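Each chain, written out:
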Amino acid sequence: SHAKIGSEIARKWNFPAQLAAVIEYHHKPLLVEEDFKDVTALVYAANMLTHIHDKNYAFSAVEKSILEKFGVKSEADLFALEKRLDDLYQAQKRKS
């Protein structure tokens with residue numbers, strides 16, 4: 001898979017272990033070792049939010065325990081988070 005190949009390349013290029021783990025487990029965040037769970041959960045959530053936004057995945061496909069780390073308990077919460085993130089992004093763009 002692209003995740004496994006990417007992590008192997010990261011290791012070969014001597015990237016930090018945390019980065020290699022995030023690359024490898026960004027689709028399976030519950031399987032990553034404990035030291036890397038939080039950052040992997042963040043990347044997983046961002047990845048899934050993008051896929052839901054693009055209508056590639058439904059909310060039901062997302063690992064609920066990961067969403068709860070970010071206070072997301074429903075689809076409405078997820079869309080509210082997406083809106084807040086987009087508002088922050090747009091505000092930052094206007095400053096640049």
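As the structure is a prediction and not an experimental result, all values here were calculated from the model.

Trainee: Please explain the nonpolar core as it appears in this structure.
Mentor: Soluble globular proteins: nonpolar side chains tend toward being buried together. With 13 residues, the main nonpolar core has Tyr44, Phe59, Val62, Ile66, Leu67, Val72 and Leu78 as its most contacted residues. For this core, the secondary-structure elements that each account for two or more residues are helix H3 (37-53), helix H4 (64-69) and helix H5 (75-95). By residue number, the principal contributor to this core is H3, which donates six residues. Among residues more than four places away in sequence, those in contact with leucine 67 are Phe59, Val62, Val72 and Leu78.

Trainee: How should the packing of helix H2 (residues 17-25) against H3 be read in this particular structure?
Mentor: Axis angle and axis distance: for two packed helices, these are the angle between their axes and the distance between the axes, and together they describe the pair. Interhelical geometry of H2 versus H3 gives an angle of 45 degrees and a closest axis separation of 9 Å. Between H2 and H3, the interaxial angle falls into the category oblique. The two elements H2 and H3 cross, and the hand of that crossing is right-handed. Across from Gln18, Val22 and Tyr25 in H2, the residues of H3 making contact are Val39, Thr40 and Val43.

Parameters at a glance
- Residues numbered from 1 in each chain as written.
- Predicted model: local features only at pLDDT ≥ 70, side-chain atom pairs only at ≥ 80, totals over all residues.
- Heavy atoms only, no water.
- Core = buried A, V, L, I, M, F, W, Y, C linked by side-chain atoms within 4.5 Å.
- Buried < 20%, exposed > 50% of the residue type's maximum accessible area, 1.4 Å probe, protein only.
- Helix = DSSP H or I, 4+ residues; strand = E, 2+ residues; numbered from the N terminus.
- Contact = heavy atoms within 4.5 Å.
- Axes fitted to C-alpha atoms, helices over the stretch in contact; angles between N-to-C directions.
- Parallel < 35°, antiparallel > 145°, perpendicular 65-115°, else oblique.
- Left-handed = near helix turned anticlockwise from the far one by under 90°.

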